[in-house]
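Structural features, examined
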Amino acid sequence: MALFEKKKAQKVTLDDTSRLSCTIEAAQNVQGHTVNVVRVLDFLGLDHQDYVIRVQRGPLAENSWQINRRYSDFAALNTALQMGGLDLNLPPKKIFGNMEREFIAERQQGLQVFLNNITSHQLLSLSLIVRKFLDPTNYPESMNTQEAALQHVSMFFRSEPHWEVIEPLRDVGWRFRKTYFLIKPKDQPKEKLVLSWTDFGPDKTIDDKDLVPIMKLLPTIQHPFVYPVVFATSMENGGLAIRSFYQPGTLRDAICKTKPNKVHFLKKYCKPKMYAPLPLPAIRTCGRQVLEALKFLHDKGWFYGQLHAGNVMLEENCCRLLDLENSVLGLPPYYRYFLTQLRKVQTMEQVDVYSFGHLVYEMAFGDQLQTATLEMLPLDCPAELRTFLESILTVDAVKSLPSVSDLLASPLFSNVPVVLPDKPQLKIPSKLKEALKSAKEATEKRLKLDQGVFNQVRRQSKAKAHHMSDEEKKKRKKSARKRLSQQPTGQEEDHNTNHLPATNGVGSSTTSPTSSGAPSPVPPPAPAADHDQKA
């Protein structure tokens with residue numbers, strides 16, 4: 001590389017929101033001395049069982065690999081995830097008789113249930129703990145995003161020496177490539193701010209010369225339902241934003257009755273001791289405020305796609321959107337795994353509407369919806385709220401979602417009083433609008449491609465399941481019997497062969513009944529080895 005050549009911006013091409021699925025294919029006996037001698041059992045030369053796991057990223061089978069894990073590895077994973085408070089049904093440990101075939105088969109089934117419980121849970125499946133267990137190549141044990149982010153932040157402070165780091169805020173959010181630091185201005189040491197560093201994501205397409213001025217637009221936004229940004233910029237590997245530190249935290253913190261402290265996000269959000277669902281009037285107020293912010297951004301040409309309860313700051317009775325920078329930095333939506341299953345949800349506006357449905361569900365019931373679509377609601381759900389959720393989250397609703405304007409005009413939110421300033425501010429130059437539009441279209445294009453792949457695999461799976469169904473098997477057997485019944489009987493075959501020329505004075509019984517000329521010679525018997533191979 002030339003001495004003064006400018007380095008290209010680097011982005012993470014791996015999509016961390018892609019769901020990992022896994023199947024335990026086999027259990028194999030491993031001699032103790034052939035494995036790591038550090039382990040006690042290996043040091044003693046004792047045998048143990050390795051479970052061979054096939055892990056797959058996304059819907060395509062070719063994006064898969066094998067890993068080997070021992071029961072002790074599963075136990076360590078379960079211990080690491082216990083902070084979430086969920087019962088993942090890890091099979092119990094057994095000291096004696098744990099090498100018996102029946103026990104190994106039973107344990108393998110139990111471990112499969114354990115893995116399914118993890119990979120089907122939205123927050124657990126996105127955690128770095130699980131990624132390191134299932135995909136050690138892309139998420140090695142040595143991976144430390146906090147340390148790497150601190151290096152980038154330190155470089156930033158060299159050019160902007162107005163702030164200093166107080167302490168890192170570890171594991172406060174589910175995005176492990178988005179790290180947070182508590183900082184303070186040097187001239188106001190009592191004021192607390194939060195700096196977030198974000199690595200470029202797989203959807204990052206905006207050129208650096210446009211990205212820097214786009215990021216600098218964030219502090220200029222003035223809207224009562226958008227959380228203000230103090231400073232924002234982008235660098236070679238990512239972007240950072242500085243906001244004031246609000247101790248009570250986000251809407252999800254309020255629902256889970258927790259605070260944005262140093263506690264791991266799995267402990268705060270997976271299964272809190274108590275949920276605090278919002279009453280219907282509060283749902284209507286918060287929902288209306290979020291919709292007003294979304295409409296404002298859409299009208300101005302800023303695409304979002306990052307809506308969930310953790311990205312809504314709740315200040316008393318006011319909801320404000322967070323992390324507007326995520327989309328321009330190329331980060332996929334929180335619900336992207338669900339979105340790949342919904343081929344009619346293709347625009348970023350539709351992504352926001354669909355995500356808003358999940359937000360209202362979480363506000364109403366406390367817990368997150370763990371499926372792409374809504375199957376049923378509690379019987380005591382208010383009729384007005386039921387109608388609204390069914391208009392967004394059901395299987396039929398996602399095929400034709402309403403617009404944000406339609407939601408604002410819906411009975412649930414149309415009568416909510418909202419006081420807006422005369423002119424909310426966000427002025428985007430025409431050149432930057434084009435850059436934002438192109439980035440939005442590129443994000444939508446990748447989503448459509450992934451939706452196409454998912455639908456193709458789903459159709460193939462349905463066709464295979466239909467082919468292997470009991471009903472289809474019965475049809476094939478019935479058809480085979482019908483074909484056999486239509487073939488000539490044995491008596492007719494003997495009658496035909498009696499009229500064929502004899503070979504060496506003897507009637508040939510090996511001649512095909514369809515032959516019209518001289519009988520073909522009888523082929524020699526196949527070798528035993530070939531017969532075994534064919535068998």
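The present account deals with the structure reproduced in this document. (Residues numbered from 1 in each chain as written. Predicted model: local features only at pLDDT ≥ 70, side-chain atom pairs only at ≥ 80, totals over all residues. Heavy atoms only, no water.)

**A look at the packing of aromatic side chains**
Applying the stated criterion across every chain, the model contains 17 aromatic pairs. A centroid spacing of 6.3 Å and a plane angle of 15° characterise the contact between Tyr335 and Phe338, whose relative ring orientation is stacked. You can call Tyr335 buried: its relative accessible area is 3%. Residue classification places Phe338 among the buried residues on the basis of a relative accessible area of 2%. Aromatic side chains Tyr337 and Phe338 sit 5.9 Å apart centroid to centroid with 50° between the ring planes, which places their arrangement in the tilted category. For Tyr337, a relative accessible area of 28% gives the class partly exposed. Through pairs of rings, three or more aromatic residues link up here, namely Trp174, Tyr334, Tyr335, Tyr337, Phe338 and Tyr354. If you follow Arg19 out to its NZ or CZ, it ends over the ring of Tyr337, 4.0 Å from the centre. Above the ring of Phe200, the side-chain terminus of Lys204 is found at 4.7 Å from the ring centroid. (Phe/Tyr/Trp six-rings, centres within 6.5 Å; stacked < 30°, edge-to-face > 60°. Buried < 20%, exposed > 50% of the residue type's maximum accessible area, 1.4 Å probe, protein only. Lys NZ or Arg CZ within 6 Å of the ring centre and 35° of its normal.)

**Thoughts on the sheet that holds strand β7 (residues 231–234)**
Paired through backbone hydrogen bonds, the strands of a sheet run either parallel or antiparallel to each other. An order of β4-β5-β6-β8-β7 is seen for the 5 strands of this open sheet, with the pairing classed as antiparallel. Only two strands of the sheet have a single neighbouring strand rather than two, namely β4 (163–169) and β7. For this sheet, the mean angle separating the axes of adjacent strands, direction not counted, is 25°. Its contacts with the sheet place helix α6 (residues 145–159) against β4, β5 (178–185), β6 (193–199), β7 and β8 (238–244), and it is angled at close to 40° to β5. Contacting β7 and β8, helix α7 (residues 208–215) runs over the sheet at an angle of about 175° to β7. (Pairing = 2+ DSSP bridges. Helix = DSSP H or I, 4+ residues; strand = E, 2+ residues; numbered from the N terminus. Axes fitted to C-alpha atoms, helices over the stretch in contact; angles between N-to-C directions. Contact = heavy atoms within 4.5 Å.)

**Considerations on the sheet that holds strand β3 (residues 64–70)**
If you trace the 3 strands from one edge of the open sheet to the other, you get β1-β2-β3, paired in antiparallel fashion. Of all strands in the sheet, those bounded by a partner on one side alone are β1 (20–30) and β3. The mean inter-strand angle of the sheet, taken between neighbouring strand axes irrespective of direction, is 25°. Docked against the sheet, helix α2 (residues 71–81) engages β1, β2 (48–57) and β3, running at close to 95° with respect to β3. Sheet strands touched by helix α3 (residues 101–119): β1 and β2. Its angle to β1, the strand with the most contacts, is close to 155°.

**Description of the packing of α7 against helix α16 (residues 430–467)**
The interhelical angle for the contact between α7 and α16, taken along N-to-C directions, is 105°, at an axis separation of 10 Å. Between α7 and α16, the angle is such that the two are roughly perpendicular. Touching Lys209, Asp210, Pro213 and Ile214 of α7 are Lys431, Leu432, Ala435 and Leu436, all from α16. Looking at the contact of α7 with α16, its residues break down into 5 nonpolar, no polar and 3 charged. (Parallel < 35°, antiparallel > 145°, perpendicular 65-115°, else oblique. Nonpolar A, V, L, I, M, F, W, Y, C, P; charged D, E, K, R; others polar.)

**Focus on the pairing of strand β10 (residues 318–321)**
Bridging between strand β9 (residues 312–315) and β10 involves 4 bridges; their strand directions are antiparallel. Each bridged residue has a counterpart across the sheet, and for Met313 the counterpart in β10 is Arg320. Between β9 and β10, which pair antiparallel in sequence order, lie 2 residues; one of them, Glu316, sits at a positive phi of approximately 55°.

**Overview of the environment of Glu444**
Relative to the helices and strands, Glu444 resides in helix α16. Expressed as a C-alpha distance, the spacing of Glu444 and Asp203, which sit 241 residues apart in the sequence, is 9.4 Å. Residues within four places of Glu444 in sequence aside, it is in contact with Gln346, Thr347, Met348 and Glu349. A polar side-chain atom of Glu444 sits 2.9 Å from a polar atom in the side chain of Lys440. (Polar contact = N/O pair within 3.5 Å; in protein donor to acceptor, adjacent residues only side chain to side chain.)

**Some thoughts on the pattern of salt bridges**
According to the stated counting rule, one finds 22 salt bridges in the structure shown. Put simply, Lys184 and Glu164 hold a salt bridge, and the shortest N to O gap is 3.6 Å. With Lys184 in strand β5 and Glu164 in strand β4, the pair connects residues that are 20 residues apart, well separated along the chain. Under the relative-accessibility criterion, Lys184 is labelled partly exposed at 22%. A salt bridge links Lys399 to Asp396; its shortest N-O distance comes to 4.0 Å. (Salt bridge = Lys/Arg side-chain N within 4 Å of Asp/Glu carboxyl O.)

**Observations concerning the nonpolar core**
Counting 108 residues, the largest nonpolar core has Phe74, Trp302, Leu321, Val328, Tyr354 and Phe356 as the members making the most contacts within it. Here the element with the most residues in this core is helix α13 (residues 348–365); it accounts for 10 residues. When residues are assigned to domains, this core turns out to be shared by domain 1 (20–134) and domain 2 (145–457), each giving three or more. Not counting the four nearest positions on each side in its chain, Trp302 is found in contact with Ile214, Leu217, Leu218, Leu297, Leu324, Ser327, Val328, Leu426, Ile428 and Leu436. Ranked by size, the runner-up nonpolar core spans 13 residues in total, among them Phe157, Phe181, Leu195 and Phe231. (Core = buried A, V, L, I, M, F, W, Y, C linked by side-chain atoms within 4.5 Å. Domains from an automatic or database assignment.)

**Observations concerning the side chain of Arg288**
Along the chain, Arg288 falls in helix α10 (residues 280–300). A distance of 2.8 Å separates the side chain of Arg288 from the backbone oxygen of Phe413, its partner in a polar contact. Filtering out sequence-adjacent residues up to four positions away, Arg288 remains in contact with Leu408, Phe413, Ser414, Val416 and Val418.

**Some points on the state of the cysteines**
Taken as a whole and judged by the stated rule, the model has 0 disulfides. No disulfide involves Cys270; its sulfur sits 9.4 Å from that of Cys256, the nearest cysteine. For Cys270, a relative accessible area of 4% puts it in the buried group. With no disulfide partner, Cys286 has as its closest neighbouring cysteine sulfur the one in Cys319, 3.0 Å distant. Exposure remark for Cys286: the relative accessible area of 6% places this residue in the buried category. (Disulfide = S-S within 2.5 Å.)

**Brief notes about helix α14 (residues 383–393)**
Turning to α14, its buried residues number three or more, namely Leu385, Phe388, Leu389, Ile392 and Leu393. The buried residues of α14 all sit within an arc of 105° when viewed along its axis, so they share a single face. The exposed set on the far side of α14, more than 90 degrees from its buried face, consists of Ala383 and Thr387. In the core, the buried residues of α14 are packed alongside α10, α13 and α15 (404–408). (Arc of directions from axis to C-beta.)

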